[in-house]
Amino acid sequence: MPRIPAHVDPRLLRAFLVVAEELHFTRAAARLYVAQQALSRDVRRLERELGAELFLRTTRQVTLTPDGERLLPYARRVLAAQDELLAAFRQARPLLVDLNSPGLVTGRRVLHRARELAPEQELMARYESGLAWAAGELLAGRLDVSFGRFAGLEPVLRAGLDHQLVRYEPMAVVLPEDHRLASLDAVPVDALAGESVYAGAGNPRTPEWTDLARRLFEGRDIEVAAPAPMAVGEEEFERVMAKMRNPILAVVDFPAMPRTVVRPLVDPVPLSAVSLVWRKGLVHPGIDALRRAAVEIGTSEGWLSRPVNGWIPAIDVDMLKRGK
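About the thresholds
- Residues numbered from 1 in each chain as written.
- Predicted model: local features only at pLDDT ≥ 70, side-chain atom pairs only at ≥ 80, totals over all residues.
- Heavy atoms only, no water.
- Helix = DSSP H or I, 4+ residues; strand = E, 2+ residues; numbered from the N terminus.
- Buried < 20%, exposed > 50% of the residue type's maximum accessible area, 1.4 Å probe, protein only.
- Contact = heavy atoms within 4.5 Å.
- Areas by Shrake-Rupley, 256 points an atom, 1.4 Å probe, with all protein chains shown as cover.
- Pairing = 2+ DSSP bridges.
- Expected span 1.5 Å × (residues − 1).
- Polar contact = N/O pair within 3.5 Å; in protein donor to acceptor, adjacent residues only side chain to side chain.
- Core = buried A, V, L, I, M, F, W, Y, C linked by side-chain atoms within 4.5 Å.
- Axes fitted to C-alpha atoms, helices over the stretch in contact; angles between N-to-C directions.
- Parallel < 35°, antiparallel > 145°, perpendicular 65-115°, else oblique.
- Nonpolar A, V, L, I, M, F, W, Y, C, P; charged D, E, K, R; others polar.
- Phe/Tyr/Trp six-rings, centres within 6.5 Å; stacked < 30°, edge-to-face > 60°.
- Lys NZ or Arg CZ within 6 Å of the ring centre and 35° of its normal.
- pLDDT = per-residue confidence, 0-100.

1. What about the overall build of the protein chain?
Here is step 1: Regarding its fold elements, the protein chain presents 11 helices and 13 strands.
Here is step 2: In terms of its C-alpha atoms, the protein chain occupies a principal-axis envelope of roughly 70 × 45 × 35 Å.
Here is step 3: Here the protein chain, with 324 residues, has 49% of them falling under the buried criterion.
Here is step 4: When contacts within the protein chain are restricted to residue pairs at least 6 apart in sequence, long-range pairs at least 24 apart make up 75% of them.
Here is step 5: About 16300 Å² of surface is accessible on the protein chain, with carbon and sulfur atoms providing 53% of the total.

2. Quick word on the pairing of strand β5 (residues 145-148)
Here is step 1: Here β5 shows a buried face lined by V145 and F147 and a second buried face lined by S146 and G148.
Here is step 2: Where β5 lies against strand β12 (residues 269-279), four bridges are found, and the strand directions are antiparallel. Along β12, the bridge assignment pairs F147 with L276.

3. Looking at helix α1 (residues 10-22)
Here is step 1: Taking 1.5 Å per residue as the helical rise, α1 with its 13 residues ought to reach 18 Å, and the 18 Å between its terminal C-alpha atoms agrees with that figure.
Here is step 2: Those residues of α1 lying buried are L12, L13, A15, F16, L17, V18, V19 and A20.
Here is step 3: Where α1 starts, the residue carrying a side-chain oxygen 2.9 Å from the main-chain nitrogen of R11 turns out to be D9.

4. Description of the nonpolar core
Here is step 1: The biggest cluster of nonpolar side chains holds 24 residues, and the ones touching the most others in it are F16, V19, L39, L46 and F55.
Here is step 2: For this core, the elements supplying multiple residues, two or more each, are α1, α2 (25-32), α3 (36-50), β2 (62-64) and α4 (66-88).
Here is step 3: The biggest single contributor to this core is α1, with eight residues.
Here is step 4: If we skip the residues at most four places from it in the chain, L39 touches A15, V19, F25, A28, A29, L32 and V34.

5. Re the packing of α2 against α3
A packed helix pair is summarised by two numbers, namely the angle formed by the two axes and the spacing between the axes.
Here is step 1: Two elements in contact, α2 and α3, have axes whose closest approach is 9 Å; the angle formed by their N-to-C orientations is 100 degrees. On the basis of the axis angle, α2 is roughly perpendicular to α3. On α3, the residues that touch F25, T26, A28, A29 and L32 of α2 are Q36, L39, S40 and V43.
Here is step 2: Across the contact of α2 with α3, the residue classes tally to six nonpolar, three polar and no charged.

6. Here we look at the environment of P307
Here is step 1: With respect to the secondary-structure elements, P307 resides in the loop between α10 (285-301) and β13 (310-311).
Here is step 2: Spatially, the C-alpha atoms of P307 and Y168 are 9.4 Å apart, while their sequence positions differ by 139 residues.
Here is step 3: If we skip the residues at most four places from it in the chain, P307 touches V269 and L271.

7. A short note on the pairing of strand β10 (residues 248-251)
Here is step 1: Burial of the side chains of β10 extends over both faces: I248 and A250 are buried on one face and L249 and V251 on the other.
Here is step 2: As paired elements, strand β6 (residues 161-176) and β10 share four bridges and run antiparallel to each other. Bridge pairing links A172 to A250 in β10.

8. Considering the packing of aromatic side chains
Here is step 1: In total, this model carries two aromatic pairs according to the counting rule given.
Here is step 2: Ring centres of F16 and F55 lie 5.5 Å apart, and the angle between their planes is 45 degrees; on these two criteria the pair is classed as tilted. Highlighted residues: F16 in helix α1 and F55 in strand β1 (residues 55-57), separated in sequence by 39 residues. As far as burial versus exposure is concerned, F16 and F55 are alike and both buried.
Here is step 3: Between F25 and F55, the aromatic rings sit 6.2 Å apart at their centres with planes inclined by 70 degrees, giving edge-to-face as the arrangement. Taken together, the positions of F25 in helix α2 and F55 in strand β1 put the pair 30 residues apart, joining distant regions of the chain. Each of the two residues, F25 as well as F55, counts as buried.
Here is step 4: An aromatic cluster is defined as three or more aromatic residues linked by ring pairs; in this entry it consists of F16, F25 and F55.
Here is step 5: The aromatic ring of W133 is capped on one face by R205, whose charged end is 4.1 Å from the ring centroid.

9. Regarding the confidence of the model for the protein chain
Here is step 1: Averaged over all residues, the pLDDT of the protein chain equals 89, while 94% of them reach at least 70.
Here is step 2: Within the protein chain, strand β7 (residues 187-188) carries the highest mean pLDDT (98), whereas helix α9 (residues 234-244) carries the lowest (72).

The structure is reproduced here in structure tokens:
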């Protein structure tokens, strides 16, 4: 007999309802602006929470089980009530969206597209520098959405947050223009052997980035550079870079700075798994627009396609597979 859960996420009920209406996961995913894998994961999660199988799946068709048929009218009523509630508050409060840093492209592009999809909503950009810091602000209700490496957060932070993978972002290195590797079009990771590479060590806002660097550099004779004062603003970044002269671990879309070059890393291609992150239970039409924008851009530009020689830490792979 199906067990009764303490709480059912309306998002999971909506995933169930659209699949029940389409009886086809691909068409349902397109309607919801999510990846088919994410939709299947949501349906499986609902089935686990209810302790009931809702669909019979074969290679040819999808049909509702008796428990699925029984859930269907309840799901419709719950979601109709939610839609009515959202319509009553359609002019929602501004949504505060952290883009980490003004120069980073992924979050900014998703935000710009979300504003086009939901022009009636006010989506306000913020710059908190790193997901670990932003996560505390999300949980405290002082921020609504951020972007970053979800697997790099402490479990106590992840427990209160939801996320959606947005992009496998290729990583790069920022070099002084006269560095020995600056003449290369792309820098093999092993070519950094013997270098101390700055990756935010000691910065309380970005420990998830430092952790990613340590995992990438392990066994390659590459050191994470010692902590340095956090440079705020382009002018300060230039000054600290000129003084320290360490290569800096970055992403391929990192903005160009005077007297530096940005070179993609290869052999392997290290990837930063960038997720859209928000507080569990937060309902806002702006979040729906951001999620749709992320899927739309990611699909058109292949953001969720990992290259054959791509690398991400095992912990990230496992977490993304489990959807947690």
